[in-house]
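# Structural features, examined
What follows is each chain in one-letter form.
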Amino acid sequence: SYIISGTLTDGSIKVNCSEKGTVRLILNGVSISSSSTAPVVVEEAKKVLVTLADGTTNTITDSSRLSTEEDYSAAIYSKEDLIINGNGTLNVNAGYRNGIKSTDDCIIVSGTLNITSTEDGIIGKDLCRVVAGDININAGSDGIKSTYDTDTTKGNVIIEGGNITIKASNDGIQAENILVINDG
């Protein structure tokens, strides 16, 4: 577990846990901006929990860039399961491409998320699941998306609750396989 607070004006946090452990990033009033890469990158771990500390406002911002490194196509980019929880606020300003992206599962358990992105708002390639929370997305392309298309058990969007507002130039919600809305 890592408690992160303060301001990082041009840099990033990278998670690379080769033991495949669970890593928790507790955002406690943080502002992270990057002009050259994703402000938060998960390379390797079993899963990563991003906890929004109660009563805090946290801001993640990236900007348009030409990258010679691997293309981390979101302000918060994960190659592993990504879970967001807590009762704080997360503002994501994605000037490069996407707001939050996991190439595995992306699960929103709680919190207030305000996402502005030039492309997609939230992507969970295998699964995008919203349990609860207040989610506001203003996307240049799709709002919430799951696009795994080579395995018919994946590519699902499941919404179990929460208050979700999406303004998108393309699809509000795109599920390659199954879309389930139980509540919210």
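Everything below is about the structure shown above.
Residues numbered from 1 in each chain as written. Predicted model: local features only at pLDDT ≥ 70, side-chain atom pairs only at ≥ 80, totals over all residues. Heavy atoms only, no water.

Moving on to the side chain of Asn85. Tracing the backbone through its elements, the reader meets Asn85 in strand 8 (residues 81–86). A polar contact of 2.7 Å, which involves the side chain of Asn85, links it to the side chain of Thr51. The residues touching Asn85, leaving out its near neighbours within four places in the chain, are Arg24, Leu49, Val50, Thr51, Leu52, Val109 and Ser110. (Helix = DSSP H or I, 4+ residues; strand = E, 2+ residues; numbered from the N terminus. Polar contact = N/O pair within 3.5 Å; in protein donor to acceptor, adjacent residues only side chain to side chain. Contact = heavy atoms within 4.5 Å.)

With respect to the secondary-structure elements, Ser73 resides in the loop between strand 6 (57–62) and strand 7 (74–78). For Ser73, a relative accessible area of 3% gives the class buried. Within the structure, the side chain of Ser73 is placed 3.4 Å from the side chain of Lys101, a separation counted as a polar contact. (Buried < 20%, exposed > 50% of the residue type's maximum accessible area, 1.4 Å probe, protein only.)

What follows is about the packing of aromatic side chains. Applying the stated criterion across every chain, the model contains 1 aromatic pair. Each ring, one from Tyr72 and one from Tyr77, has its centre 5.4 Å from the other, and the planes form 55 degrees; the classification is tilted. Side by side, Tyr72 and Tyr77 carry an identical accessibility label, which is buried. When the ring centre of Tyr148 is taken as reference, the NZ or CZ atom of Lys154 above it lies at 5.3 Å. (Phe/Tyr/Trp six-rings, centres within 6.5 Å; stacked < 30°, edge-to-face > 60°. Lys NZ or Arg CZ within 6 Å of the ring centre and 35° of its normal.)

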